[in-house]
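Structural features, examined
Listed below are the residues making up each chain.
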Amino acid sequence: MQQRIAFITGGNRGLGFQTAIDLKEHGVHVIIGSRDSKQGELAVEKLQAQGVDAEMLVFDIVKNEDHKAAFNFISQKFGHLDILINNAGIAAGPFPGDGPEHTTNIDESALRRVFETNFFAVVALTRTLLPLLKASPAGRIVNLSSILGSLTLHANPKSPVYHAKSFAYDASKTALNAFTVHLAYELRDTPIKVNSAHPGWVKTDMGGQQAPMEISEGGKTSAALATLPEDGPSGGFFHLGQPLPW
Ligand SMILES: NC(=O)c1ccc[n+]([C@@H]2O[C@H](COP(=O)([O-])OP(=O)(O)OC[C@H]3O[C@@H](n4cnc5c(N)ncnc54)[C@H](OP(=O)(O)O)[C@@H]3O)[C@@H](O)[C@H]2O)c1
């Protein structure tokens, strides 16, 4: 079987970096996107030292020209893309604990910035790279969502995330989940599978040190969805193999 090619946005640190490590056992060639070339090179050195077949592409998801550059790079070098992990993401306050006016206190520019990175740019990048995924015999798209994107859980006072409200971040992940469902529907007669991943609450720069999950566990959901077999699900929302409510 031909070696699979993966592109992970925001792969220089955190969950993207860990997912690159987790893809090693599947023999995947990983291209990590990194906004900063030095950080990216350092990450590749660390990955290669752990035996990961990795390289780096300078990539900022909110720059449209970087989408085209990623298409050209992957197209010229490999002619196709097997795995796209839409991992890069940001959050903005107010966060839980910042006061009672959680939703109405949001700065509009922050709301737009979070949506730009976590939703609009993901849609645009996926559209640009889709011809390369269609050229793969088994394309896989993983959208890094969050349990905080679940409307069902946010609306339920008994759910563990009921009080964990951070409007910009949560709503951007809800929108991303909608993209997962709509894109999976559009691609339902193709071999491509599209799923949303909740990695868990993980100790990263974003997750913070109070998070219960170690970084070594945090890439598992993304890696599993990136390497789903032919009879695997599409259009779902998962954490460690278990479905989550939308
Ligand atoms: N950690 C958790 O507990 C948790 C839980 C649920 C979901 N998630 C999701 O998992 C994903 C990864 O989270 P993480 O915890 O690894 O976050 P992180 O530690 O903050 O890392 C974020 C990564 O995204 C990159 N990034 C941010 N903006 C970017 C942009 N405009 N273009 C390209 N790359 C950009 C960062 O690059 P720089 O180094 O250049 O800043 C970094 O590589 C996110 O989508 C997040 O929402 C995380």
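One structure accompanies this document, and this report is about it.

Calculation notes
- Residues numbered from 1 in each chain as written.
- Predicted model: local features only at pLDDT ≥ 70, side-chain atom pairs only at ≥ 80, totals over all residues.
- Heavy atoms only, no water.
- Helix = DSSP H or I, 4+ residues; strand = E, 2+ residues; numbered from the N terminus.
- Expected span 1.5 Å × (residues − 1).
- Bend = angle between axes of the 7 residues up to and from the residue.
- Core = buried A, V, L, I, M, F, W, Y, C linked by side-chain atoms within 4.5 Å.
- Buried < 20%, exposed > 50% of the residue type's maximum accessible area, 1.4 Å probe, protein only.
- Contact = heavy atoms within 4.5 Å.
- Axes fitted to C-alpha atoms, helices over the stretch in contact; angles between N-to-C directions.
- Parallel < 35°, antiparallel > 145°, perpendicular 65-115°, else oblique.
- Left-handed = near helix turned anticlockwise from the far one by under 90°.
- Nonpolar A, V, L, I, M, F, W, Y, C, P; charged D, E, K, R; others polar.
- Pairing = 2+ DSSP bridges.
- Near = heavy atom within 4 Å.
- Polar contact = N/O pair within 3.5 Å; in protein donor to acceptor, adjacent residues only side chain to side chain.
- 1 Å grid on protein atoms, 1.4 Å probe; cavity = no way out; pocket = protein on both sides within 12 Å on 5 of 7 lines; lining within 4 Å.
- Points joined across faces, edges and corners; volume = space filled by probe spheres on them.
- Salt bridge = Lys/Arg side-chain N within 4 Å of Asp/Glu carboxyl O.

1. Points about helix 4 (residues 108-134)
With 27 residues, helix 4 should reach 39 Å at 1.5 Å per residue; the first-to-last C-alpha distance of 37 Å fits that figure. Residue Glu-116 marks the point of greatest curvature in helix 4, where the axis turns by about 50 degrees.

2. Quick notes on the nonpolar core
Counting 31 residues, the largest nonpolar core has Phe-7, Leu-81, Leu-129 and Ile-141 as the members making the most contacts within it. Those elements that provide at least two residues to this core are strand 1 (5-8), helix 3 (64-77), helix 4 and helix 6 (167-186). The leading source of residues in this core is helix 4, at 10 residues. Residues within four places of Leu-129 in sequence aside, it is in contact with Phe-7, His-67, Ala-70, Phe-71, Leu-81 and Leu-84. Among the nonpolar cores identified, the runner-up in size contains 25 residues, and Ala-43, Val-44, Met-56 and Ala-223 belong to it.

3. What to know about the packing of helix 3 against helix 4
The geometry of helix 3 relative to helix 4 is characterised by a closest axis approach of 10 Å and an angle of 25 degrees between their N-to-C directions. The angle between the axes of helix 3 and helix 4 places the two elements in the roughly parallel class. Helix 4 is crossed by helix 3, and the crossing has right-handed handedness. Residue-level inspection shows Asn-64, His-67, Lys-68, Ala-70, Phe-71, Ile-74 and Ser-75 of helix 3 in contact with helix 4, the latter providing Ala-121, Ala-124, Leu-125, Thr-128, Leu-129, Pro-131 and Leu-132. Of the residues in the contact of helix 3 with helix 4, the class split is 9 nonpolar, 4 polar and 1 charged.

4. Focus on the pairing of strand 3 (residues 54-58)
On any regular strand, side chains alternate: one points to one face of the sheet, the next to the other face. Across the 5 residues that make up strand 3, a large majority, 4, are buried. With 5 bridges connecting them, strand 2 (residues 29-34) and strand 3 associate as parallel partners. When the sheet's bridge partners are listed, Ser-34 is paired in strand 3 with Val-58.

5. Some points on the site of the ligand
With respect to spatial proximity, 27 residues lie near the ligand, and among them Arg-13, Leu-15, Arg-35, Tyr-169 and Thr-204 are the closest. Backbone polar atom of Gly-10 to an oxygen atom of the ligand: 3.2 Å apart, as the coordinates give it. At 2.8 Å from an oxygen atom of the ligand is found a side-chain nitrogen or oxygen belonging to Asn-12. When residues of the shell around the ligand are traced back to their parent elements, those giving at least two are helix 1 (14-22) and helix 6. Residue composition of the shell around the ligand, by class: 11 nonpolar, 11 polar and 5 charged.

6. Considering the environment of Ile-61
The residue Ile-61 is located in the loop between strand 3 and helix 3 in this model. Ile-61 sits 185 residues away from Trp-246 along the chain, and the two C-alpha atoms are 25 Å apart. Apart from the residues lying within four places of it in its own chain, the contact partners of Ile-61 are Thr-9, His-67, Thr-117, Ala-121, Val-122 and Leu-125.

7. Details of the layout of surface pockets
It is a probe the size of a water molecule, rolled over the atoms, that shows where empty space is left. The volume enclosed by the largest pocket comes to roughly 1,300 Å³. Forming the walls of the largest pocket are 46 residues, and the residues nearest its centre are Gly-89, Tyr-169, Thr-204, Met-206 and Gly-207. Within the residue set of the lining of the largest pocket, elements represented by two or more residues are helix 1, strand 2 and helix 6. The dominant element in the lining of the largest pocket, judged by the number of residues it contributes, is helix 1, at 3 residues.

8. Structural notes on the sheet that holds strand 5 (residues 140-144)
Spatially, 3-2-1-4-5-6-7-8 is the arrangement adopted by the 8 strands of the open sheet, whose pairing is mixed. Edge positions in the open sheet fall to strand 3 and strand 8 (242-243), since each of these has one partner strand only. Direction of pairing for strand 7 (residues 236-239) relative to strand 8: antiparallel, over a ladder of 2 bridges. From the neighbouring strand, Phe-238 faces strand 8, where its bridge partner is Pro-243. Sheet strands touched by helix 1: strand 1, strand 2 and strand 4 (83-86). Its angle to strand 1, the strand with the most contacts, is close to 165 degrees.

9. Some words on the pattern of salt bridges
Counted under the stated rule, the structure contains 5 salt bridges. Of the charged contacts, one joins Arg-112 and Glu-108 as a salt bridge, the two residues approaching to 2.7 Å between their closest N and O atoms. Taken together, the residues span about one helical turn, with Arg-112 and Glu-108 both in helix 4 at a distance of 4 residues. Residue Arg-112 is classed as exposed on the basis of its relative accessible area of 57%. Glu-217 is the salt-bridge partner of Lys-220, the closest N and O atoms lying 3.1 Å from each other. Looking at Glu-217, the relative accessible area reads 34%, which means it is partly exposed.

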